[in-house]
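Here is how the chains run, residue by residue.
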Amino acid sequence: MRAFPLKRNHISSCLLAQKESDTTVRSELCTPCKINLAFGYSAAWRMELRKGPWSKKILVPVCFLIILIWIFLIDNSLLLNNLSGKATLQKPRNLVSFARNPNLDRLTIKESSLTNDVELKRAKVSRLQVVSLWTGNNSVKGNAGSLRKYQILRQQGLMPSKQLPTALIIGVKKGGTRALLEFLRLHPAIRAAGSEVHFFDHHYIKGFHWYRHRMPPTLSTQITMEKTPSYFVTSEVPRRVQRMNPAMRLILVVRDPVTRAISDYTQVRSKRANMPKFEDLAFLNGSKIVDTTWVPLKIGVYARHLERWLQYFPLSQFLFVSGERLIVDPVAEITRVQDFLGLKRVICEKHFYFNATKGFPCLLKSEERPTPHCLGKNKGRSHPYIDPVAIQRLRDFYRPFNQRFYQLTGMDFGWLTTHTNGIYISPRTQLLSIIYIQDKQIHDRTVRYGNVRSFYHKTGTYNSDKT
Ligand SMILES: Nc1ncnc2c1ncn2[C@@H]1O[C@H](COP(=O)(O)OS(=O)(=O)O)[C@@H](OP(=O)(O)O)[C@H]1O
């Protein structure tokens, strides 16, 4: 369309012609000038407003302002609630209550380094109530499930809003972080970002606003979480996390560093053809010297990474989860996490079943799926055969670092007992986790305790005195 100057009387005449259905005048006035009808109306309406009384003139900006305020209120309902000290929670239909969380009272989130300083103090809520996540259409999957839950909350008069996380699963890579996060999402008071956000290592420059918008909407009574396993080993991360929230709760899932390195290698190998052998990468030029610069091995020096974190956070803000125990006794580990986060113990045996084919605990149903299911195919892969001598050498290499890690955490993760090869038995679940070699393949599997004797007779790695 050609641009043309609009004159007030020109447009008024055109509109009058439109109104009176005077086609001759209309075609003369409107068509030659290519006055778009809608544009003509809006322009004329604006002019009429300018001419009109005082009340009409302010009507538009007032309406505009109201819309802006309304959007602002929705987005910041939690903030406003907290500031006014009135965390109003309407009583929904399906409620699960949980005990007072002492950590929530003292939470202070600082959005300081990249954006304006904002201090967000959580309102004191002595008895918290949250909506059960088990409601909703059972056929929905993935994001649709979350969306539906969000809609249910809105229908129930609750106003979820996106918040910065107050708890992080910081690692370690291949430790069992996905399993832990998926298990935790069963808790109605936990909302977590589905994928790894990588804010503190890759996207820090994008600022807290960007970070907050990667989070799912939460109620003031819910905990926002995310997991990015590379946080644990990235040197700038502890300082950045501390700047954002010095009260951040940090969860670290650890696994025998040798098995972890093999798992890491297996993942890379699954994506890359012609990958050199594990042994060739782990040792320098075919020697016995461990290549400590090789990232899958560097990650396993947990004590070093933890020492860096401890410069910024006290030990009391960490929870160390055993990756081995998470497989053989998920409830025991999840119970520790729920306690650490100050939550009621909601996740229990009834949520899990042991899938013998996969060799891992799986979920009977989850936030996303109503039917029994396990984690994806890329979790719980079969590991390639690794020369047992190489494994022993790596265990010897890690021993002093593991000892130091035990010292720092005050926990024994069972990686030092060489004759058991990282064995972990849960007397409660009757499950046993072990690394064993069969048909020249290294396996990291969980078996039922009842089958242990025949299992070890077959594999020949069983020391009967130790069970
Ligand atoms: N329930 C359940 N199901 C499947 N897998 C489980 C489970 N619990 C722990 N694991 C172990 O998790 C290992 C993958 O760890 P991560 O999820 O931390 O990997 S990643 O860093 O996110 O890539 C994965 O490592 P691999 O066995 O080497 O594949 C598993 O051993």
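Above this text sits the structure in question.
Bear in mind the structure is a predicted one, so any value in this text is a computation, not a measurement. (Residues numbered from 1 in each chain as written. Predicted model: local features only at pLDDT ≥ 70, side-chain atom pairs only at ≥ 80, totals over all residues. Heavy atoms only, no water.)

We now examine unusual backbone geometry. Most peptide bonds adopt trans geometry, and most residues besides glycine take a negative phi value. At the junction of G171 and V172, the peptide bond is cis and its omega measures out at -10 degrees in the coordinates. Within the element layout of this structure, V172 appears in the loop between β6 (167-171) and α8 (177-184). Positive phi, normally seen in glycine, also occurs at H198, with a value near 55 degrees. Note on placement: H198 falls in the loop between β7 (190-192) and α9 (207-212). Backbone geometry places N274, a non-glycine residue, at a positive phi of 55 degrees. Note that N274 resides in the loop between α11 (257-271) and α12 (278-282). With relative accessibility at 77%, the residue N274 sits in the exposed group. (Helix = DSSP H or I, 4+ residues; strand = E, 2+ residues; numbered from the N terminus. Buried < 20%, exposed > 50% of the residue type's maximum accessible area, 1.4 Å probe, protein only.)

Here we take up the state of the cysteines. Applying the stated criterion to the full structure yields 1 disulfide. The disulfide partner of C362 is C374, and the gap between their sulfur atoms is 2.0 Å. Taking the sign of the S-S torsion, about 100 degrees here, the bridge from C362 to C374 comes out right-handed. In this pair, C362 is assigned in strand β13 (residues 360-363) and C374 in the loop between β13 and α17 (388-409), connecting sequence segments 12 residues apart. (Disulfide = S-S within 2.5 Å.)

For the pair α8 and helix α16 (residues 330-340), the least separation of the axes is 11 Å and the interaxial angle reads 70 degrees. Classified by the angle between their axes, α8 and α16 sit roughly perpendicular to one another. Here the hand of the crossing between α8 and α16 comes out right-handed. For the pair formed by α8 and α16, the contact residues are L180, F183 and L184 on the first element and P330, I334 and V337 on the second. In the contact of α8 with α16, the residues fall into 6 nonpolar, no polar and no charged. (Axes fitted to C-alpha atoms, helices over the stretch in contact; angles between N-to-C directions. Parallel < 35°, antiparallel > 145°, perpendicular 65-115°, else oblique. Left-handed = near helix turned anticlockwise from the far one by under 90°. Contact = heavy atoms within 4.5 Å. Nonpolar A, V, L, I, M, F, W, Y, C, P; charged D, E, K, R; others polar.)

The subject of this paragraph is the site of the ligand. Surveying the vicinity of the ligand reveals 24 residues, the closest of which are T177, K227, S263, G380 and H383. One of the backbone N or O atoms of G380 is found 2.7 Å from an oxygen atom in the ligand. R381 places a polar main-chain atom, nitrogen or oxygen, 3.0 Å from an oxygen atom of the ligand. Its atoms largely coinciding with the cavity grid, the ligand occupies the largest pocket. Those elements that provide at least two residues to the shell around the ligand are α8, α11 and β13. When residues in the shell around the ligand are grouped by element, the largest group, 4 residues, is from α8. Looking at side-chain class alone, the shell around the ligand contains 8 nonpolar, 8 polar and 8 charged residues. (Near = heavy atom within 4 Å. Polar contact = N/O pair within 3.5 Å; in protein donor to acceptor, adjacent residues only side chain to side chain. 1 Å grid on protein atoms, 1.4 Å probe; cavity = no way out; pocket = protein on both sides within 12 Å on 5 of 7 lines; lining within 4 Å. Sits in = over half its atoms within 2 Å of the grid points.)

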